[in-house]
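Each chain, written out:
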Amino acid sequence: MSDHQPIIREDVQGFLALANSLPKPERLDPIEQRVGYLGLKQMTEADPREMAVIKNLTCPGPAGGIPVRFYDVRENRDPSPVILFFHGGGYVIGDLDTHHSLCTELSAELDLPVLAVDYRLAPEHPFPAAPDDCEAAARWLAGSPAELNRKVTGLVTIGGSAGGNLATVTARALMDRPAAAPMLLQVLLYPATDESQDGSMEKFAEDHLLTKAVMEWFYSLYQPKSGDPRAFPLHASAKGMCPAIVATAGLDPLQDQGRRMAAKLVDAGVDTLYLHIEGMTHDFSTTRKALPSAAAAVAKIISAMKLMLTKV
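Residues numbered from 1 in each chain as written. Predicted model: local features only at pLDDT ≥ 70, side-chain atom pairs only at ≥ 80, totals over all residues. Heavy atoms only, no water.

### Points about the packing of helix H3 (residues 100-110) against helix H9 (residues 292-309)
Then comes step 1: Axis separation between H3 and H9 bottoms out at 11 Å; the angle between their running directions is 45 degrees. With respect to H9, the element H3 is oriented oblique. Seen from above, H3 lies across H9 with right-handed handedness. Seen from H3, the contacting residues are Leu102, Glu105, Leu106, Glu109 and Leu110; seen from H9, they are Val298, Ile302, Met305 and Lys306. (Axes fitted to C-alpha atoms, helices over the stretch in contact; angles between N-to-C directions. Helix = DSSP H or I, 4+ residues; strand = E, 2+ residues; numbered from the N terminus. Parallel < 35°, antiparallel > 145°, perpendicular 65-115°, else oblique. Left-handed = near helix turned anticlockwise from the far one by under 90°. Contact = heavy atoms within 4.5 Å.)

Set out below in structure tokens:
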């Protein structure tokens, strides 16, 4: 991290003032935190796009059924890739509803189906429940299950924060042990990738939405194993990985983690597109109503996805 003063966009300044006035999440129990997170998204996120298909389903998982939600802007379609979406929230909060609008945006703008996964959360289900569920959902989706009435030709994993972590962990699992449909692209939005506590984690430790204390609280409940590549994918090999998009935010404690992940992919010869959104907070992809600049950033990421998918 450089020592220059960070840029803060004008619309972000007001948003941070609101966020900093709310009760500190580390003082709440997980149930209260989940309710508060959903309420925040209802205030700050854009309205959902109209879909031809929205289905709540269950796919098989290692500990029972995993709730999933299937979206498609088209009633029917020819064989195509499907986007596999993993929500953020530190492995403790977030669900199908907190990221519902973003999933509709992805389907509408990319003209592709989306499957969102409601993986098990900590502390009720600590590591490795989340990556286990995400891999199981990916393998189920790759098999073109009858419930979706779609022929799946390939997978695009995407998520933000903890979801970005799970997107690359799942991609690695499917590259190591291929599923019925290939991995085409991984899209990592401000991902959590390692255990680092310095650099951007220290610089933006407080007052920039996500805080260092909150990350510590999340990990105390998630209980990841240090050095485990399924918990911290920066420790995994990047050799042979599918193409990637990595996006970081300029005011984010996780900025350096995403930057290091992008560098590792590039060094391994992986076709990688790196986007740095200066002056933006963590979790910007679900603040599009509150932040016009966040809406523009999401549009840029979707354009990058279109570009990368033309190569496969």
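### A word on the packing of helix H4 (residues 129-142) against helix H5 (residues 162-176)
Then comes step 1: One can describe the packing of H4 onto H5 by two numbers: an axis separation of 9 Å at closest approach and a directional angle of 55 degrees. As the angle between them shows, H4 and H5 are arranged oblique. Where H4 crosses over H5, the handedness of that crossing is right-handed. On the side of H4, the interface is formed by Ala130, Pro131, Cys134, Glu135, Ala138 and Arg139, while H5 contributes Leu166, Val169, Thr170, Ala173 and Leu174.
Then comes step 2: Residues belonging to the contact of H4 with H5 are distributed by class as follows: eight nonpolar, one polar and two charged. (Nonpolar A, V, L, I, M, F, W, Y, C, P; charged D, E, K, R; others polar.)

### Section: the side chain of Asp252
Then comes step 1: As for its placement among the helices and strands, Asp252 is situated in the loop between strand S7 (244-249) and helix H8 (255-267).
Then comes step 2: The charged side chain of Asp252 is buried without a salt bridge, its nearest counter-charge being Arg259 at 9.9 Å.
Then comes step 3: Within the structure, Asp252 has its side chain in polar contact with the backbone nitrogen of Leu254 (distance 3.0 Å).
Then comes step 4: Among the polar contacts listed, one links the side chain of Asp252 to the side chain of His282, at a separation of 2.9 Å.
Then comes step 5: The contacts of Asp252, once residues within four sequence positions are left out, are Tyr190, Ser200, Phe204, Leu210, Met280 and His282. (Buried < 20%, exposed > 50% of the residue type's maximum accessible area, 1.4 Å probe, protein only. Lys, Arg positive; Asp, Glu negative; His and termini not counted. Salt bridge = Lys/Arg side-chain N within 4 Å of Asp/Glu carboxyl O. Polar contact = N/O pair within 3.5 Å; in protein donor to acceptor, adjacent residues only side chain to side chain.)

### Describing the sheet that holds strand S4 (residues 114-117)
Then comes step 1: Across the sheet, which stays open at both edges, the eight strands sit in the order S1-S2-S4-S3-S5-S6-S7-S8 with mixed pairing between neighbours. The open sheet terminates on both sides in strands that have one partner only, identified here as strand S1 (53-59) and strand S8 (272-277). Recorded for the sheet is a direction-independent mean angle of 20 degrees between the axes of neighbouring strands.
Then comes step 2: As defined by bridge partners, strand S5 (residues 152-160) adjoins strand S6 (residues 183-189) across six bridges and the pair is classed as parallel. When the bridges of S6 are listed, Leu155 appears paired with Met183.
Then comes step 3: Strands strand S3 (80-86), S5 and S6 of the sheet are contacted by H5, whose axis makes an angle of about 145 degrees with S5.
Then comes step 4: The strands touched by H8 are S6, S7 and S8; relative to S7, the strand with the most contacts, the crossing angle is about 155 degrees. (Pairing = 2+ DSSP bridges.)

Keep in mind these numbers describe shape, not what the thing actually does.
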